[in-house]
Amino acid sequence: MVSCNLRPSLLLLLSASAFAADKPCTLHDGDKFYDLSALKASKDYQFRTDGGHTFYLNVCRAVTTDPWNTGVDEKEGDIAGLVRRDHGDFAIGLVNTTLEAKEGGLMLRQSNGSPCTGLDSGLRGSSTIRFICDTSVYAAGRPVLLAQWPSEEDKACNYELEWRTHYACPTGERGLFGGLIVFCMVMATILLMSFVVISTLYNRFVLRLSGYDQMPKFTFSHVREIWDVCSEFLRSMLDLLVAQSRSWRSKGYGNLNPTSHHWTSREEEEAMIASDPLEMESEGVHVTAEVELQDGHPHGGSGPPSEEGVV
Ligand SMILES: *[C@@H]1O[C@H](CO)[C@@H](O)[C@H](O)[C@H]1NC(C)=O
């Protein structure tokens, strides 16, 4: 019931968030949502290359391994991954948290790594990691090196990796559905809690029960009683509002037609002043102000109250 009423606004909210810029390491692609931030690891993913070198890699964050002699200035950015070579670490690119949807997978491109050796000057280490949705991989999964170019271990400059993991699966639909379920559960909890509170208060102060008797009872007639009290309260609030708006409206008409109404209101006013000593006093103050103005010597605000005012 609740979800039916609130679904449109929730959908609006979700679609609005879809148009907002993607957060780092996440991607909205159509109605699908990807989030790889769970792959950020406090310890680098590592494996051995065919040539026997250790490969260190992290996702959407800098490697935790201390880079050594990479030829990359620290100011340029964080190193996303590296190969520990004999004469220094080769950085395979700087951290890039922008994901790209590609052919049913997620692509992460990293560039500006270590200067490549034995190649045209200016070329720097780069890599692409293709994350493939695999629901059978329950843990984070592991990166696999598919290819490197050039193929010689000590000259390789561009790396191509593949990573099968369930984290690369879209969560868009499930996210929407899950969000709705969570929303409904929260609403139900709030309703239940307010029922318990209102019910207890009702039992205590209206039925004057005490001890365990004031605990809410979940019977139909009891719920009906609570509902009656609540609706009565709402109705009286509504009545109050209607009465208020009616009185505002009648005031408006009074201004439009001052001939007859003015007299009655004036009479009423005089009657009220006569009956109310407070009103009399305020009328007296009013007279004081008038007298002061006629004299042409208005007293300062700090001056003593004038006796002329007392009629
Ligand atoms: C980061 O990734 C995006 C998307 O793949 C790409 O267009 C961009 O060139 C990359 N930036 C760097 C510095 O590698």
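Residues numbered from 1 in each chain as written. Predicted model: local features only at pLDDT ≥ 70, side-chain atom pairs only at ≥ 80, totals over all residues.

### A short note on the overall build of the chain
Phase 1 of the analysis: When you go through the chain residue by residue, the secondary structure sums to 5 helices and 11 strands.
Phase 2 of the analysis: Buried residues in the chain amount to 18% of all 311 residues.
Phase 3 of the analysis: Here the contacts in the chain between residues at least 6 apart in sequence split such that 45% fall between residues at least 24 apart. (Helix = DSSP H or I, 4+ residues; strand = E, 2+ residues; numbered from the N terminus. Buried ≥ 20, exposed ≤ 12 C-beta atoms within 10 Å, placed from the backbone. Contact = placed C-beta atoms within 7 Å.)

### Considerations on the site of the ligand
Phase 1 of the analysis: Around the ligand, a shell composed of Asn96, Thr98, Glu100, Met107, Arg109, Gln110, Ser111 and Asn112 is seen.
Phase 2 of the analysis: Tallying contributions element by element places strand 8 (residues 105–110) first for the shell around the ligand, with 3 residues.
Phase 3 of the analysis: Across the shell around the ligand, the residue classes tally to 1 nonpolar, 5 polar and 2 charged. (Near = placed C-beta within 6 Å. Nonpolar A, V, L, I, M, F, W, Y, C, P; charged D, E, K, R; others polar.)

### Here we look at the sheet that holds strand 10 (residues 143–149)
Phase 1 of the analysis: Reading across the sheet, the 5 strands line up as 7-8-9-11-10 and stay open at both edges, with mixed pairing between neighbours. Of all strands in the sheet, those bounded by a partner on one side alone are strand 7 (99–102) and strand 10. Neighbour to neighbour, the strand axes of the sheet diverge by 25° on average, direction disregarded.
Phase 2 of the analysis: Two elements, strand 10 and strand 11 (residues 158–165), share 6 bridges in a ladder whose sense is antiparallel. Bridging across to strand 11, Leu145 finds its partner in Leu161. (Pairing = 2+ DSSP bridges. Axes fitted to C-alpha atoms, helices over the stretch in contact; angles between N-to-C directions.)

### Comments concerning the environment of Gly141
Phase 1 of the analysis: Checked against the element boundaries, Gly141 lands in the loop between strand 9 (126–133) and strand 10.
Phase 2 of the analysis: For the pair Gly141 and Arg164, spaced 23 residues apart in sequence, the C-alpha to C-alpha distance is 6.0 Å.
Phase 3 of the analysis: Beyond its immediate stretch of four places on either side in the chain, Gly141 contacts Trp163, Arg164 and Thr165.

### Considering the environment of Glu225
Phase 1 of the analysis: Tracing the backbone through its elements, the reader meets Glu225 in helix 3 (residues 220–256).
Phase 2 of the analysis: In this structure the C-alpha to C-alpha distance between Glu225 and Ser199, which are 26 residues apart in sequence, comes to 9.3 Å.

### A look at the nonpolar core
Phase 1 of the analysis: Judged by nonpolar contacts, the single largest core of 33 residues is most densely connected at Leu36, Ile79, Leu82, Ile92, Leu106 and Phe131.
Phase 2 of the analysis: Of all the secondary structure elements, the ones that give two or more residues to this core are strand 2 (32–35), strand 4 (54–57), strand 5 (81–85), strand 6 (88–91), strand 8, strand 9 and strand 11.
Phase 3 of the analysis: The residues contacting Ile79, other than those within four sequence positions of it, are Ala62, Val63, Pro67, Thr70, Val72, Ala91 and Leu94. (Core = buried A, V, L, I, M, F, W, Y, C linked by C-beta atoms within 7 Å.)

### Looking at the pairing of strand 2
Phase 1 of the analysis: Taken together, the 4 bridges between strand 1 (residues 26–29) and strand 2 define a ladder with antiparallel strand orientation. Counted as the bridge partner of Leu27 is Tyr34 from strand 2.
Phase 2 of the analysis: Remark: 2 residues form the turn of the hairpin made by strand 1 and strand 2, two consecutive strands paired antiparallel; Gly30 in that turn has positive phi of roughly 65°.

### Section: the pairing of strand 9
Phase 1 of the analysis: With 6 of its 8 residues buried, strand 9 lies for the most part within the structure.
Phase 2 of the analysis: Pairing of strand 9 with strand 11 involves 8 bridges; the strand directions are parallel. From the neighbouring strand, Cys133 faces strand 11, where its bridge partner is Thr165.

### Looking at the confidence of the model for the chain
Phase 1 of the analysis: Residue-level pLDDT values for the chain average 77, and 70% of them are 70 or greater.
Phase 2 of the analysis: Helix 5 (residues 277–295) is the least confidently modelled element of the chain, averaging 45 in pLDDT, while strand 4 averages 96, the highest of any element.
Phase 3 of the analysis: Predicted confidence is poor over residues 279–311, with pLDDT under 50, and the contacts of this stretch with residues over four places away or in other chains come to 20 contacts. (pLDDT = per-residue confidence, 0-100.)

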